[in-house]
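# Analysis of the macromolecular model
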Amino acid sequence: MSEQREPVGVIGVGWVGLVTAACFAELGHPVVARDILQEKVDSLARGEVTIHEPELGDLVRRNAERLTFTTDMTELLDSARLLFVCVDTPPTYSGDADLSRVRAVVEELPEGSEHVLIMKSTVPAGTGESIRRDLPGLSYVSCPEFLKEGTAVADFMNPDRVVIGADAGDEDAAGAVARLYQPLGGEILRTDVASAEMIKLASNAFLATKISFINEIANVCEEVGADVAEVARGMGLDERIGSSFLRAGIGYGGSCFPKDVTALKMLAGNTGYHFQLLTAVVEVNELQKRRVVAKLQRHIGSLLGKRVALLGLAFKPDTDDMREASSLVLAARLQGEGAEVVAYDPVASERAGELLGSVEMAGSALAALDGADAAVLVTEWPEFAALDWAEAAGRMARPLLVDGRNFLDSESLRAAGFEYEGIGKKQEIGAPS
Ligand SMILES: NC(=O)c1ccc[n+]([C@@H]2O[C@H](COP(=O)([O-])OP(=O)(O)OC[C@H]3O[C@@H](n4cnc5c(N)ncnc54)[C@H](O)[C@@H]3O)[C@@H](O)[C@H]2O)c1
């Protein structure tokens, strides 16, 4: 008889929770996953995964025997000692992290509970300490999640590092969590709870800083006639700098960077420390999305009544997540200038349609480009690289493209008849025609 693996409980079955549940099931653990949304639990129990995340649906269906989805907290508490908290921690109006869902979970734990609460949700430093204060008997481990949407399953299964934070008295609990991750082979970093919480926030803030930095370099490149792709390549070869996250574009979005950068800024501010650098990182990111409008205006003048096609809406490829997507700001700005906006995304159109009611959704990239006066590539979906751009040029009223991700080959686009503008490249023209 094969050895029974330690059961795992998961609370909150969104991107992080479902990946966590499915991956631990794949590693042979019986998993009970609890969400408060009955509809979500029902569809997962039928093997239907409603988010677009490569490999995840297959993993859920393949491990159906080891995966139980429920809305019942008691069923979860009875089934597993190790409970991963994966609920959402969105921003409040002030920019602080909203911990109400985390608090709701803590309130459901029975007094004297012998469970181990493992915090995967991204929370401000100090959260673990305050939960431990409220529930003195509880074992608490901080285990922040670093997966990236679009490659979440692969990231979970091949982690760069697993951070496990525990304070005095919770060494055994931390050891139990470390054993769960041992088979994955990534470096396991054991530390205290506050440091683990800070590692997560600092990592995201640093990556966002890299993006805003290269975007500012791109903006200077445009002025001095340099090419930011070449600059980034040359910088990235320096091993002290590294090449990742040095890709200029129209800014970061998504469910994590915007809220985590602001949450860290607010966390610092709440202690009386003004985190100046992050203030600039956020501002650069906001302005970067808006620069596209000026680029279009340089070519076609006023956007009033012009039809502008957005190619891609999701905050990045291989996901249908629209949280804080750059497309949302861009569509609003274009409409604010009087443009008629039409959009296409291979998987996010439905989610996006709920947020962008006044934007026309097209069924294909070519349909979106039909009759358009300009196009903006917003998300670097591979299908856009494979598009027949000569045909696209023929269909557009004016074949003008702003490549917001420097994704397409500018020479081929120009050969296909396009006026092409990237980010951080020499400007094709300087004044409105
Ligand atoms: N999405 C990412 O790429 C990512 C990566 C790393 C870390 N994180 C962090 O992980 C956390 C979860 O993010 P997500 O993107 O998976 O969120 P999500 O919004 O996709 O999922 C959260 C889920 O929790 C459920 N929920 C809320 N309250 C609950 C409760 N009391 N009991 C059970 N379920 C409850 C919601 O119904 C929802 O299904 C956040 O703190 C986020 O910052 C996310």
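A few points on the structure. The numbers attached to residues start from 1 for each chain and follow its sequence in the written order. Restriction of local features to residues with pLDDT of at least 70 applies here, the model being predicted, together with a cutoff of 80 or more for giving and counting side-chain atom pairs; totals for whole chains, interfaces and linings are based on all residues. The side-chain quantities take in all heavy atoms of the structure and omit both hydrogens and water.

### Observations concerning the environment of D192
The criterion, for reference: Put simply, DSSP H or I for four residues or longer makes a helix, DSSP E for two residues or longer makes a strand, and each gets a number counted from the N terminus. Any pair of residues with heavy atoms lying within 4.5 Å of one another is described as a contacting pair. In protein, a polar contact requires one atom able to donate a hydrogen and another able to accept it; more generally it is a pair of N or O atoms within 3.5 Å, and residues adjacent in sequence count only if both atoms are side-chain atoms.
Within the secondary structure layout, D192 lies in the loop between β8 (187-191) and α9 (193-224). Taking C-alpha positions, D192 is 9.7 Å from V163, a pair spaced 29 residues apart along the chain. In contact with D192, other than residues within four places in its own chain, are G165, A166 and D167. Within the local environment of D192, its side chain forms a polar contact with the backbone nitrogen of A194, the two atoms lying 3.4 Å apart.

### Notes on the site of the ligand
To be explicit about the condition: Proximity is defined per residue: if any heavy atom of the residue lies within 4 Å of a molecule or strand, that residue is considered near it. Exposure was quantified through the Shrake-Rupley algorithm and a 1.4 Å probe, taking into account, for residues, occlusion by the shown protein chains and nothing else. Amino acids are sorted into nonpolar (Ala, Val, Leu, Ile, Met, Phe, Trp, Tyr, Cys and Pro), charged (Asp, Glu, Lys and Arg) and polar (every other residue, Gly among them).
Taken together, 27 residues lie near the ligand, and D35, K40, T89, E149 and K259 sit nearest. The backbone of G12 places a nitrogen or oxygen atom 3.5 Å from a nitrogen atom of the ligand. Between W15 and the ligand, the recorded distance is 3.0 Å, taken from a backbone N or O atom to an oxygen atom. Protein contact buries 92% of the 840 Å² of open area that the ligand shows by itself. Elements with a minimum of two residues in the shell around the ligand: α1 (15-26) and α5 (100-107). Partitioning the shell around the ligand into residue classes produces eleven nonpolar, six polar and ten charged.

### Overview of the layout of surface pockets
Short version of the rule: With a 1 Å grid laid over protein atoms only, a set of points is called a cavity when a 1.4 Å probe fits there but cannot get out and a pocket when it is open yet has protein on both sides within 12 Å along at least five of seven lines; lining residues have an atom within 4 Å of a point. Grid points are joined across faces, edges and corners, and a volume is the space filled by probe spheres set on the points.
Within this model, the second largest pocket holds a volume of roughly 200 Å³. Looking at the lining of the second largest pocket, the elements with two or more residues in it are α11 (257-270) and α12 (276-300). A per-element tally of the lining of the second largest pocket places α12 first, with four residues. For the lining of the second largest pocket, a count of residues per class yields four nonpolar, four polar and four charged.

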